[in-house]
Amino acid sequence: MHKKLYIQSYCHIKNNQLWLNGKLVFEGDQDNNLKDFLKSSYRDQKLHYPKFFKMDNLSKLSILAADLILSEIDLNKFDHNVALIFSNKASSLDTDRKHQKSIDDADHYFPSPAVFVYTLPNIGIGEISIKHKLKSENGFFIFDEYNAKFHHNYERLLIKNNKSNAVLAGWVNVDEEVYDAFVYLISENGNLEHTEQNLIKLYKE
Amino acid sequence: MDSLKKELKEKIIENLNLEDMEVEDIADDDMLFGDGLGLDSIDALELIVMLDKDYGIKLTDPKQGKSIFESINTMAKYITENRA
Amino acid sequence: MSKGVAITGMGIISSIGNTVEENFQSLIDKKPGIARIKKIDTIHQDTIKVGEINFSNEELIKILDLPDSNNYSRTALLAEIAAKEAVKNAHIRDIQKYRTGLISATSVGGMDMTEKFYYSYYEEEKDRKYIDAHSLGDATSKVAKSLGITEFVTTISTACSSGTNAIMLGARMIKSGKLDRVIVGGADCLSKFTINGFKTLMILSETDCKPFDENRTGLNLGEAAAFLVLESDEVVKKENKKVLAYVSGYANANDAFHQTASSEDGEGATLAMQKALKVANLLAEDIDYVNAHGTATPNNDSSESKAISRIFNNDIPDFSSTKGYTGHTLAAAGAIEAVYSILALQNDTVFPNLNFETPMVETSLIPETEVVRKKIDHVLSNSFGFGGNCSTLIFSKA
């Protein structure tokens, strides 16, 4: 059965701005570092999720991007079966450095469990799963840059083979103050066709 | 003991990233885990690290933490009795 | 009715053997590879036990005949050895003849080198070559280059389920016709980064780990690499390949409970096993052996036991965790346990769960503790990673 798939909605988080479906929804203080920008975005978007503050920057960015999209969606319509397929270049390097720093001095080391649990890039999508109660398939891939061909293929296959009813996917990368998030929802609803070209076009927006 | 209790509250807020919480918001006998402050198992491990780092107390069995970290009162008592 | 995706080759290096045959021999001789750590100078030397591979990096470099100027991390060295064995085992002469991909998994990447040389980078120019070796994708691209794979190359990083997810993705790409052939697996080496991290989570055992035992206290970390070669039915036919086994089922689900702990009722694990059975078009009673994730942490074994009980009800098949042999090899775990599952099928043998003495009070499940010969047609293998990432594979006899 040939299901027609669409990019139901998409968001960008970059340059201290939150964009949803091509519209600017929040602009943080340009002087803010990433941590403060994420905090002010959390407040602006009224996330009301205290666990946010325990997360590392990569997970915070993942949760914010996911929330931008999912807050407009009724997950029951998808039976909560929304797969998560994310990728990035830096993996969890930003947090890895923090953990490494805490074990550098053999005479005074105190590794933090709360930091260590985030030294994997897929914890962020785990956090999305916990917050939105998604027990669906989730995968995390490492590429040099956003790979539209890979993503398009994987997302299409998941829905085509009835593995999930929708896919929340994209690129979430954090490396110190350099960050970039492009996250979107693929489903059978929408106006913009799910093609490799359209994904590339939106990514570059 | 009172200054230790205040210190513990400050450290908990700082170390466990309890944004929006002030020292006044934590009562001495509030349940820290479960329904009280809602801390979880990773927070418990962080408190174990804090005991070692700031008070020189080494806990080897994570299960001990359950009774020690019940509230600010129990924490302060344990630290006073066991600190290096 | 498709039998699944054909496996035509495999390769492995672990603390219980440097080849598939050596690993098999250790499994049936009940010879574990767990001991005090030798190659890493860590303050935890006397309080942890690990599954360490005997070879030093210099020895691995020699085996691979790499030039002195190489910048291979230990992860990359292990990966390349196992991948080469798999390709050889699959009798591949011309890798470019068909659309061939490489999907590798790792969690450590080049961290073993970074933690050694990070502070000397400013002064020592000779160490700077390892900067490039840090990223997770580096080991993968080194293996791809050495094998001559260009069609599709990626790295999966989903913690302890990574190796399993690599096999799953590979199988799907063959099934959907995107690739004709794919090398899939994972590699992870021991590092201070990981040792210290797990220590602070208080889930490391000071003694030999005891999967599914009531008195288990935690896991032993390990290092290893393993790869499978998957090929389409068309290539198998054209090249007249011997099929070792089939990947007949696979699935992934999220536990949606906690960043690192598993839920009490093993929901994620249950969903993964359920979905894998569905993909394989099998019933629970068709499974002859379960190679469990069984890390020997209080949390995992409890959660996984619940999930196993939920799936198999009162008819639990023979099951065991082989982590008593190799330790928990993180991203490589799913891959080495895939090799063990295939060996189980080929040899009609259930491998024992070492160090088991007392059944868990809450479930009373008893793993197989001896080497058992019996007819095995289908094996189910679990790997559950931090982030609630639960994956299951089902392998079926060729």
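Residues numbered from 1 in each chain as written. Chains lettered and ligands numbered in written order. Predicted model: local features only at pLDDT ≥ 70, side-chain atom pairs only at ≥ 80, totals over all residues.

## Quick look at the overall build of chain A
- In terms of regular secondary structure, chain A is built from seven helices and eight strands.
- Computed over the C-alpha atoms, the radius of gyration of chain A is 17 Å, within 12% of the 17 Å expected from 2.2 N^0.38 for a compact globule of 205 residues.
- With respect to the three principal axes, the spread of C-alpha positions in chain A is 65 × 35 × 30 Å.
- The proportion of buried residues among the 205 residues of chain A is 52%.
- Counted over contacts in chain A with a minimum sequence separation of 6, partners at least 24 positions apart contribute 67%. (Helix = DSSP H or I, 4+ residues; strand = E, 2+ residues; numbered from the N terminus. Rg over C-alpha atoms; globule rule 2.2 N^0.38 Å. Buried ≥ 20, exposed ≤ 12 C-beta atoms within 10 Å, placed from the backbone. Contact = placed C-beta atoms within 7 Å.)

## Comments concerning the overall build of chain B
- When you go through chain B residue by residue, the secondary structure sums to four helices and zero strands.
- Across chain B, helices and strands are ordered from the amino to the carboxyl terminus as α-α-α-α.
- Radius of gyration (C-alpha) of chain B: 12 Å, near the 12 Å computed for a compact globule of 84 residues.
- Projecting the C-alpha coordinates of chain B onto the three principal axes gives extents of approximately 30 × 25 × 20 Å.

## With respect to the sheet that holds strand E3 (residues 50-51) of chain C
- A sheet is described by the order of its strands in space; here three strands give the open sequence E2-E3-E7 (chain C), paired in mixed fashion. The open sheet has two edge strands with one neighbour each: strand E2 (34-35) and strand E7 (221-222) of chain C. (Pairing = 2+ DSSP bridges.)

## Here we look at the nonpolar core
Residues and elements named next belong to chain C.
- If you look at the biggest cluster of nonpolar residues, it comprises 207 residues, and the most contacted ones within it are Ile7, Leu78, Ala82, Ile183, Ala226, Leu230 and Ala276.
- Of all the elements, helix H12 (residues 333-347) adds the most residues to this core, at ten residues.
- Counting residues domain by domain, this core receives three or more from each of domain 1 (5-238) and domain 2 (247-397). (Core = buried A, V, L, I, M, F, W, Y, C linked by C-beta atoms within 7 Å. Domains from an automatic or database assignment.)

## Quick word on the pairing of strand E7 (residues 178-187) of chain A
Residues and elements named next belong to chain A.
- The buried count for E7 comes to nine of ten residues, which makes it a mostly enclosed element.
- Taken together, the seven bridges between strand E1 (residues 6-14) and E7 define a ladder with antiparallel strand orientation. From the neighbouring strand, Ser9 faces E7, where its bridge partner is Leu185.

## Quick look at the interface of chain A and chain C
- Across the boundary between the two partners, chain A contributes 34 residues, which contact 35 residues of chain C.
- When residues of the side of chain A that touches chain C are traced back to their parent elements, those giving at least two are helix H3 (93-102), helix H4 (113-116), helix H5 (123-132), strand E5 (138-142) and helix H6 (148-160) of chain A.
- Here the element with the most residues in the side of chain A that touches chain C is H5 of chain A; it accounts for six residues.
- In terms of residue class, the side of chain A that touches chain C is built from 18 nonpolar, twelve polar and four charged. (Nonpolar A, V, L, I, M, F, W, Y, C, P; charged D, E, K, R; others polar.)

## Let's talk about the pairing of strand E8 (residues 224-231) of chain C
Residue and element names in this part refer to chain C.
- Burial analysis of E8 places eight of its eight residues in the buried class, the great majority of the element.
- Because side chains alternate across E8, one face comprises the buried residues Ala224, Ala226, Leu228 and Leu230, and the other comprises Ala225, Phe227, Val229 and Glu231, equally buried.
- In the sheet, strand E1 (residues 5-13) pairs with E8 via seven bridges, with the strands oriented antiparallel. Paired with Ile7 across the two strands is Leu230, which belongs to E8.
- With eight bridges joining them, strand E6 (residues 181-188) and E8 adopt antiparallel strand pairing. In the sheet register, Val184 faces E8, and the bridge partner there is Leu228.

## Observations concerning the packing of helix H9 (residues 267-280) of chain C against helix H10 (residues 298-312) of chain C
All names here are of chain C.
- Running from N to C, H9 and H10 cross one another at 40°; their axes reach a closest spacing of 8 Å. Regarding the angle of H9 to H10, the classification is oblique. For the pair H9 and H10, the sense of crossing is right-handed. In contact with Ala269, Thr270, Met273 and Gln274 of H9, H10 contributes Ser303, Glu304, Ala307, Arg310 and Ile311.
- Class assignment of the residues belonging to the contact of H9 with H10 gives a composition of four nonpolar, three polar and two charged. (Axes fitted to C-alpha atoms, helices over the stretch in contact; angles between N-to-C directions. Parallel < 35°, antiparallel > 145°, perpendicular 65-115°, else oblique. Left-handed = near helix turned anticlockwise from the far one by under 90°.)

## Description of helix H7 (residues 192-200) of chain C
- Within H7 of chain C, nine of the nine residues are buried, which leaves the element mostly enclosed by the surrounding structure.
- Taken together, the buried positions of H7 of chain C are occupied by Lys192, Phe193, Thr194, Ile195, Asn196, Gly197, Phe198, Lys199 and Thr200 of chain C.
- The elements touched by buried residues of H7 of chain C are H3 and H4 of chain A, helix H2 (41-55) of chain B together with helix H4 (111-117) and E7 of chain C.

## Looking at the confidence of the model for chain B
- Per-chain confidence: chain B averages 89 in pLDDT, with 100% of residues scoring 70 or above.
- Taken over the whole predicted complex, pTM reads 0.86, whereas the ipTM for its chain interfaces reads 0.75. (pLDDT = per-residue confidence, 0-100.)

## Focus on the packing of helix H6 (residues 162-175) of chain C against H12 of chain C
Residue and element names in this part refer to chain C.
- With their axes 5 Å apart at the nearest point, H6 and H12 run at an angle of 65° to one another. Viewed along their axes, H6 and H12 adopt a mutual orientation that is roughly perpendicular. Packed against H6, whose contacting residues are Ser162, Gly163, Thr164, Ala166 and Ile167, the element H12 presents Ala333, Gly334, Ala335 and Ala338 at the interface.
- Taken together, the residues of the contact of H6 with H12 break down into five nonpolar, four polar and no charged.

## Some points on unusual backbone geometry
Residues and elements named next belong to chain C.
- A positive phi angle, close to 55°, is found at Asp65, a residue other than glycine.
- Here Asp65 is to be found in the loop between helix H2 (57-64) and helix H3 (74-89).
- Its identity as a non-glycine residue notwithstanding, Asn313 has a phi of 50°, on the positive side.
- In this structure, Asn313 sits in the loop between H10 and strand E11 (318-320).
- Exposure remark for Asn313: the 10 C-beta atoms within 10 Å place this residue in the exposed category.

## Section: the environment of Ser92 of chain A
Residue and element names in this part refer to chain A.
- One can find Ser92 in the loop between strand E4 (82-88) and H3.
- Considering only alpha carbons, one finds Ser92 and Asn122, 30 residues apart in sequence, at a separation of 8.5 Å.
- Discounting residues that sit within four places of it in the chain, Ser92 has contacts with Leu58, Tyr118, Thr119, Leu120 and Pro121.

## Structural notes on the environment of Asp29 of chain B
Residue and element names in this part refer to chain B.
- As for its placement among the helices and strands, Asp29 is situated in the loop between helix H1 (2-15) and H2.
- Judged by C-beta crowding, with 11 C-beta atoms within 10 Å, Asp29 ranks as exposed.
- The sequence separation of Asp29 and Asp54 amounts to 25 residues, and the corresponding C-alpha distance is 22 Å.
- The contact partners of Asp29, leaving out residues within four places of it in the chain, are Ser71 and Asn73.

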